[in-house]
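Close look at the chain arrangement
One-letter residues, chain by chain:
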Amino acid sequence: MISGTRIPRNLLFGVAAMVAIAASMTIYVWKTRARAAGTGESMTFQGPVAPPVSGPTEPVTLYVADDDAGILRAQPFKIPLPSGRQQRAEELLRNLIELYIAKSSSHSLGPGSEVRDIYLVDPGLAVIDINSAFADGHRSGVLVEELTVTSMVETLSANIPGVTRVKFLVDGKPRETLAGHADLTSFYDVGTVHQLATELQNRP
Amino acid sequence: MVDVGGQEYSGLLEVLEPLGRVSVKTDNKYWKLRYNDLELEFTPNETRVRIKGSNFDLSSPFLLQNGRGLVPVSSLGPLLSRVLRGPVTFNPASRRIFIDNVAVHFTAQILSSQVGTAPTLVMNFSAPVNPTIATDASKLHMSFVHDPIVSPSTQTLTFNNQAISSAIYEEGNGAAEITIVGASPLFAKFSNDRKTITIAAAPAVAAQAPAQPPASAPMPGATTAPAPAVAQGNPLPLAYFAVIDASHGGDDRGAALTSQLDEKDVTLSFGRRLRQELESHGLTTLLLRDGDTSLSLDQRAGMTNAAHPVIYLCLHMASQGNGIHLYTALLPSGGATSHSFLDWDTAQASSLARSQSALALLAKALDDSKIPVRTMSAPLRPLNNITTAAIAIEISPPSNGPAGLSSTEYQQSMASSIANAMSFVRRNLGSAP
């Protein structure tokens, strides 16, 4: 007479546990793949193509315009800055413009507004080249345009030593005004703009 | 022009020949005209025209007379607009065609005399002009055959002056004519690259002209500097207390205050209202732009500097904020003034202290009127090109939003307050530093 062989209970538990783990792993992998496939297009990066700046952050002061109050605010930030003087200038204004194109901005700029390049030309001249989306999409008005210009000049000169004059270009070319009012034909004297920035920091 | 059965026709070939390459081909049924790369196909005695595959209808049938293609004059404007692919304005009464936006506008102002000198009429044009000038007793006729001069808001400009009483604008037979009516023989001088014509009594008569009292009391700080843009070596008296510059105009719309309200229209209507208010306070005022005219910033500065006012007021409108913002020039970097030459970009430098004094007085007077005022400097041309006290006035909308900027009540209230404040400025500016 053949007597039946009993499978040890601990072996049964072990096999059951392994099957459960394999099943849950299968479900996890399947769901992860489905999520990745469903969100593939929205992951496309729409912003400006620029290498991210990494490294230790530095304290800087950005002069941020507030349209409702009609003033300029000196705001401390800590941002990573590259070592080159020109790259630092570009990174500073890039951070300032990012504040302005954010949805909750106190001084909104048009979509696609960018600083294309900044050229630091000795002795003391900085040339800021903005794109046409910046100028064409800018709201028109004496104060609102003045806030933009002053914010950029003051932010640049406060953080980049040696800048004494600033000139604006639009898409690499001279332009008469930013949006019908603020003069872009002349060179801005940093000392004069600093006085204006001080005036603009006082609440009316 | 040809009259056919009471309908005026024009030869199309003659109109287009000065404008580009034109050739004509006639076959049994069609009269084909090629203008540059565009082909037009006309059928004699029919109104339908084929223009590069699409149809165009004339108001009367096309006529072919001895090989000459004739189109009705009333259809000439729309037809040319299609052929030239741009705006064309045709005035059948005066037989003048304007291609593209080329209209030349003008302003005419009497510069009132000092004791012992004759009055002068200064006409400023938005582009150089080349009229034919003829005199006839006490009238001076200027005929503009090739200059696209357009009518001012009224065809007869009346000056409250005995020596030069009016200027009459007329159009006809392809030309515009301006007739200046005086009390004695007149002569004209060109200056400012032919953009300014100065008309005065002929010298022999001018020498005998009776002395006339000045139009207004001497202004504080008044000077009698010569006006080089108007006439060489001929000192012109200070005639205006204020020059008002209604900013923007023509192609420059300024800010879009609402979807249907442009800044240029509000500055113009407000400028006219402010001029009236200032004049009612006895402050002689010149409005630089009294129509929807394109004036460059340099032209505005040039016209203002030539008029030698005590103060220049540049008007702007804002779509947000409240009250009034007052600005003086934020002078740009650089600018070397040597000998008798002023640097154009910093021409305001020598008058900046006076501008700031006027600004402080104006702000105080407006503040006393309970109008919120904010003062600052701004990089706003042409403030930096003006050689007298210069202030920009930016008016914010009322509580009901930017659309309220065009309301009569709001404009009148603001104009009245500013005019009152300017009276205060005039009384006190002389003693200001």
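Residues numbered from 1 in each chain as written. Chains lettered and ligands numbered in written order. Predicted model: local features only at pLDDT ≥ 70, side-chain atom pairs only at ≥ 80, totals over all residues. Heavy atoms only, no water.

**Considerations on the overall build of chain B**
Definition in use: Secondary structure elements follow DSSP: runs of H or I no shorter than four residues count as helices, runs of E no shorter than two count as strands, and numbering proceeds from the N terminus. Buried, partly exposed and exposed residues are distinguished by accessible area as a fraction of the type maximum, computed with a 1.4 Å probe on protein chains only: under 20%, between the cut-offs, and over 50%, respectively. Two residues qualify as a contact provided that any one of their heavy atoms is within 4.5 Å of a heavy atom in the partner residue.
Helix and strand counts for chain B stand at 7 helices and 28 strands. Here chain B holds 433 residues, and 51% of them are scored as buried. For chain B, long-range pairs separated by at least 24 residues make up 63% of all intrachain contacts whose partners lie at least 6 apart in sequence.

**Some remarks on the pairing of strand β4 (residues 31-35) of chain B**
Regular strands place side chains that alternate from one sheet face to the opposite one. Residue and element names in this part refer to chain B. Using the following cut-off: Two strands qualify as a pair provided DSSP detects at least 2 bridges between them.
With 4 of 5 residues buried, β4 is to be regarded as a mostly interior element. Where strand β3 (residues 22-26) lies against β4, 5 bridges are found, and the strand directions are antiparallel. Bridge pairing links V22 to Y35 in β4. The antiparallel hairpin formed by β4 and strand β5 (residues 38-42) contains 2 residues in its connecting segment, where N36 sits at a positive phi of about 50°.

**Considerations on the interface of chain A and chain B**
Note the cut-off: Accessible area that two parts lose when put together, with a 1.4 Å probe and added across both, is what the buried area reports. Here, a salt bridge means any Lys or Arg side-chain nitrogen found within 4 Å of an Asp or Glu carboxyl oxygen.
In this assembly, 28 residues from chain A lie in contact with 23 residues from chain B. Together, the buried faces of chain A and chain B total about 1,900 Å²; carbon and sulfur atoms form 56% of this surface. In this structure, the connection of chain A to chain B is made through 1 salt bridge. The partner of E176 of chain A in a salt bridge is R381 of chain B, with the nearest N and O atoms 3.9 Å apart.

**Section: the side chain of D245 of chain B**
Residues and elements named next belong to chain B. Defined as follows: The definition of a polar contact used here is a pair of N or O atoms within 3.5 Å, where within protein one atom must be able to donate a hydrogen and the other to accept one, and adjacent residues in sequence count solely through side-chain atom pairs.
Note on placement: D245 falls in strand β21 (residues 242-246). On the basis of relative accessible area, D245 is assigned to the buried category, the value being 1%. Among the polar contacts listed, one links the side chain of D245 to the side chain of R300, at a separation of 2.6 Å.

**Regarding the packing of helix α6 (residues 352-368) of chain B against helix α7 (residues 408-429) of chain B**
All names here are of chain B. Note the threshold: Angles run from 0 to 180 degrees between N-to-C directions of axes, and those axes are lines fitted to C-alpha atoms, restricted for helices to the stretch in contact. If an angle is under 35 degrees, it is roughly parallel; if it is over 145, roughly antiparallel; if it lies from 65 to 115, roughly perpendicular; otherwise it is oblique. Take the far helix as the reference: if the near one is turned anticlockwise from it by less than a right angle, the crossing is left-handed, and if turned clockwise, right-handed.
Where α6 meets α7, the closest approach of the two axes is 8 Å, and the angle between their N-to-C directions is 130°. As summarised for this structure, α6 and α7 are arranged oblique, according to the angle between their axes. Viewed along their axes, α6 and α7 form a crossing whose handedness is right-handed. On α7, the residues touching R354, S357, A358, L361, L362, K364, A365 and L366 of α6 are S417, I418, A421, M422, F424, V425, N428 and L429.

**Description of the pairing of strand β2 (residues 71-80) of chain A**
Residue and element names in this part refer to chain A. Bridging between strand β1 (residues 57-66) and β2 involves 10 bridges; their strand directions are antiparallel. By the bridge assignment for β2, Y63 is matched with A74. Between β1 and the antiparallel strand that follows it, β2, lie 4 residues; G70 among them carries a positive phi value of about 65°.

**Examining the nonpolar core**
To keep things clear, this is the line we draw: Put simply, buried Ala, Val, Leu, Ile, Met, Phe, Trp, Tyr and Cys residues joined by side-chain atoms within 4.5 Å make one nonpolar core.
In this structure, I128, I130, M152, V166 and F168 of chain A are the most contacted members of the largest nonpolar core, which totals 68 residues. Looking at this core element by element, the count peaks at 7 residues for helix α4 (residues 142-159) of chain A. Counting residues in each nonpolar core, the second largest holds 41 residues, with V266, F270, I324 and M422 of chain B among its members.

**Observations regarding the pattern of salt bridges**
Should their charged atoms come close, side chains of opposite charge can pair. What the rule picks out here adds up to 21 salt bridges over all chains. For E39 of chain B, the salt bridge goes to R34 of chain B, with nearest N and O atoms at 3.4 Å. Judged by its relative accessible area of 33%, E39 of chain B is partly exposed. With a closest N to O distance of 2.7 Å, R272 of chain B and D290 of chain B form a salt bridge. Taken together, the residues span a long stretch of sequence, with R272 of chain B in helix α4 (residues 263-280) and D290 of chain B in the loop between β24 (285-287) and α5 (297-307) at a distance of 18 residues. Assessed through its relative accessible area of 33%, R272 of chain B is described here as partly exposed. When its relative accessible area of 27% is taken as the criterion, D290 of chain B is described as partly exposed. It is possible to trace a salt-bridge network through shared partners that takes in R116, D129 and D171 of chain A.

**Observations regarding the packing of aromatic side chains**
The following threshold applies: Each aromatic pair joins two rings of Phe, Tyr and Trp (for Trp, the six-membered one) with centres within 6.5 Å, and gets the label stacked for planes under 30 degrees apart, edge-to-face for over 60, and tilted for any other angle. Charge over a ring is defined by NZ of Lys or CZ of Arg lying within 6 Å of the ring centre and within 35 degrees of the ring normal.
With the rule as written, the count across this model stands at 7 aromatic pairs over all chains. On the basis of an interplanar angle of 65° and a centroid distance of 5.6 Å, the ring pair of W31 of chain B and F42 of chain B is categorised as edge-to-face. Pair noted here: W31 of chain B is in strand β4 and F42 of chain B is in strand β5, with a separation of 11 residues, a long-range link. K167 of chain A extends its terminal NZ or CZ atom over the ring of F187 of chain A, reaching a point 5.6 Å from the ring centre. The ring of F190 of chain B has R194 of chain B sitting right over it, with the charged end atom 4.1 Å from the ring centre.

**Here's the deal with the sheet that holds β21 of chain B**
Residues and elements named next belong to chain B. Read from one edge of the open sheet, 6 strands run β24-β21-β25-β28-β26-β27, paired in mixed fashion. The two strands at the open ends of the sheet, each matched to only one other strand, are β24 and β27 (373-378). Neighbour-to-neighbour, the strand axes of the sheet open up by a mean angle of 25°, direction not taken into account. As defined by bridge partners, strand β26 (residues 324-329) adjoins β27 across 6 bridges and the pair is classed as parallel. If you follow A329 over to β27, its bridge partner there is A378. Against the sheet, α6 engages β25 (311-317), β26, β27 and β28 (389-395), with an angle of about 170° to β26. Sheet strands in contact with α7 are β25, β26 and β28, and its direction is about 155° off that of β28.

**Looking at the confidence of the model for chain A**
What counts, and what does not: A score between 0 and 100, pLDDT records how confident the predictor is in each residue.
The share of residues in chain A with pLDDT of 70 or more is 87%, and the mean pLDDT across the chain is 86. Low pLDDT, under 50, characterises residues 38-47 of chain A; the stretch is placed with 0 contacts to residues that sit more than four places away or in other chains.

**Some details on the environment of Y312 of chain B**
Residue and element names in this part refer to chain B. Position of Y312 among the secondary structure elements: in strand β25. Relative accessible area serves as the criterion here: at 0%, Y312 is assigned to the buried category. In this view, Y312 contacts V243, D245, L288, T304, P382, L383, I386, T388, A389, A390 and I391; residues no more than four positions away in its chain are not counted. A polar side-chain atom of Y312 sits 2.6 Å from a polar atom in the side chain of D245.

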